Amino acid sequence: MSIGDDIQQKKFASEFSKALVNIRYTECWLGQRYHGLLKPSGLTIPQYNVLRILRGQFPSPATVNLLIERMIDKSSNASRIVDKLEEKGLVDRCQCTNDRRAVDVKISQLGLELLKTLDNELAILEKGMKSLSEEEAEHLNHLLDKIRS
């Protein structure tokens, strides 16, 4: 279905305007699917993002500043997200060995196990991308990168 059909809008100011609406609409569409898949685990999308960053750092810890730099949603409060994940036992905090004022964050074994379970479930979202060829996905990535450059 086209964006015009999905939002019941026949005319757009320009193809650029239509593309912006289409990107935003697709972002929300994907977000709803992520939310639905993460809800049973009690995670939000930003919490899931932090866990994935920490898994990528594992076994090394990460600082909150590193999390902020690498998060997809830059408006998220990384410190609060880490607090919530720590309450759930999914991350551990420890004093930074290089700077006693800083705190390091490391994914826990429980966090690693949860991500392993979610990897299988979230593969469903990737299957939706299989309607694109590898070449089309590469081209889409290039175009999205180009928009942000």
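This text gives an overview of the structure that appears in the document.

Conventions used here
Residues numbered from 1 in each chain as written. Predicted model: local features only at pLDDT ≥ 70, side-chain atom pairs only at ≥ 80, totals over all residues. Heavy atoms only, no water. Core = buried A, V, L, I, M, F, W, Y, C linked by side-chain atoms within 4.5 Å. Buried < 20%, exposed > 50% of the residue type's maximum accessible area, 1.4 Å probe, protein only. Helix = DSSP H or I, 4+ residues; strand = E, 2+ residues; numbered from the N terminus. Contact = heavy atoms within 4.5 Å. Pairing = 2+ DSSP bridges. Axes fitted to C-alpha atoms, helices over the stretch in contact; angles between N-to-C directions. Polar contact = N/O pair within 3.5 Å; in protein donor to acceptor, adjacent residues only side chain to side chain. Phe/Tyr/Trp six-rings, centres within 6.5 Å; stacked < 30°, edge-to-face > 60°. Patch = residues over 30% accessible without salt bridge, like charges linked within 9 Å, V, L, I, M, F, W, Y side chains within 5 Å. Areas by Shrake-Rupley, 256 points an atom, 1.4 Å probe, with all protein chains shown as cover. Salt bridge = Lys/Arg side-chain N within 4 Å of Asp/Glu carboxyl O.

Moving on to the nonpolar core. What tends to happen in soluble globular proteins is that the nonpolar side chains get buried as a cluster. Leu43, Leu51, Leu54, Leu85 and Leu118 are the most contacted members of the largest nonpolar core, which has 25 residues in total. Elements supplying a minimum of two residues to this core: helix H3 (45-57), helix H4 (64-70), helix H5 (78-87), strand S3 (103-107) and helix H6 (109-129). When residues in this core are grouped by element, the largest group, 6 residues, is from H6. Not counting the four nearest positions on each side in its chain, Leu51 is found in contact with Leu43, Leu85, Leu90, Val91, Ile107 and Leu115.

Bringing the sheet that holds strand S2 (residues 91-95) into the picture now. Across the sheet, 3 strands lie side by side as S1-S3-S2; this open sheet has antiparallel pairing. A strand with exactly one partner marks an edge of an open sheet, and here the two such strands are strand S1 (62-63) and S2. Strand contacts of H5: S2 and S3, with the helix running at about 115° to S2, the strand carrying the most contacts.

A word on the side chain of Asn49. In this structure, Asn49 sits in helix H3. Here Asn49 falls in the buried class, since its relative accessible area comes to 11%. Within the structure, the side chain of Asn49 is placed 2.9 Å from the backbone nitrogen of Ile72, a separation counted as a polar contact.

Once that is clear, we can look at the packing of aromatic side chains. One pair of aromatic rings is described through two measures. These are the centre distance and the angle between the planes. Counted according to the given criterion, the structure contains 1 aromatic pair. Ring centres of Tyr34 and Tyr48 lie 6.3 Å apart, and the angle between their planes is 45°; this geometry places the pair in the tilted category. Placement of Tyr34 in helix H2 (residues 15-38) and of Tyr48 in helix H3 is noted, with a sequence separation of 14 residues between them. Owing to a relative accessible area of 31%, Tyr34 belongs among the partly exposed residues under this scheme. The exposure class of Tyr48 is buried, given its relative accessible area of 7%.

What follows deals with the environment of Leu110. Structurally, the position occupied by Leu110 is in helix H6. Since its relative accessible area comes to 44%, Leu110 is described here as partly exposed. Sequence separation of Leu110 and Ser17 is 93 residues, and the distance between their C-alpha atoms is 44 Å. With near-sequence residues (within four places) excluded, Leu110 lies in contact with Lys88, Gly89 and Leu90.

Let's shift gears to a nonpolar patch on the surface. The grouping of Ile23, Met129, Leu140, Leu144 and Ile147 at the surface amounts to a nonpolar patch, some 410 Å² of accessible area in total. The element best represented in the nonpolar patch is helix H7 (residues 134-148), accounting for 3 residues. Relative to the elements of secondary structure, Leu140 occurs in helix H7.

What follows covers the pairing of S3. Note that S1 and S3 share 2 bridges and pair antiparallel. Across the sheet, residue Thr63 finds its bridge partner in S3, namely Asp104. Sheet analysis places S2 next to S3, joined by 5 bridges and oriented antiparallel. Residue pairing across strands places Arg93 opposite Val105, the latter belonging to S3.

These figures come from the coordinates and say nothing about function on their own.
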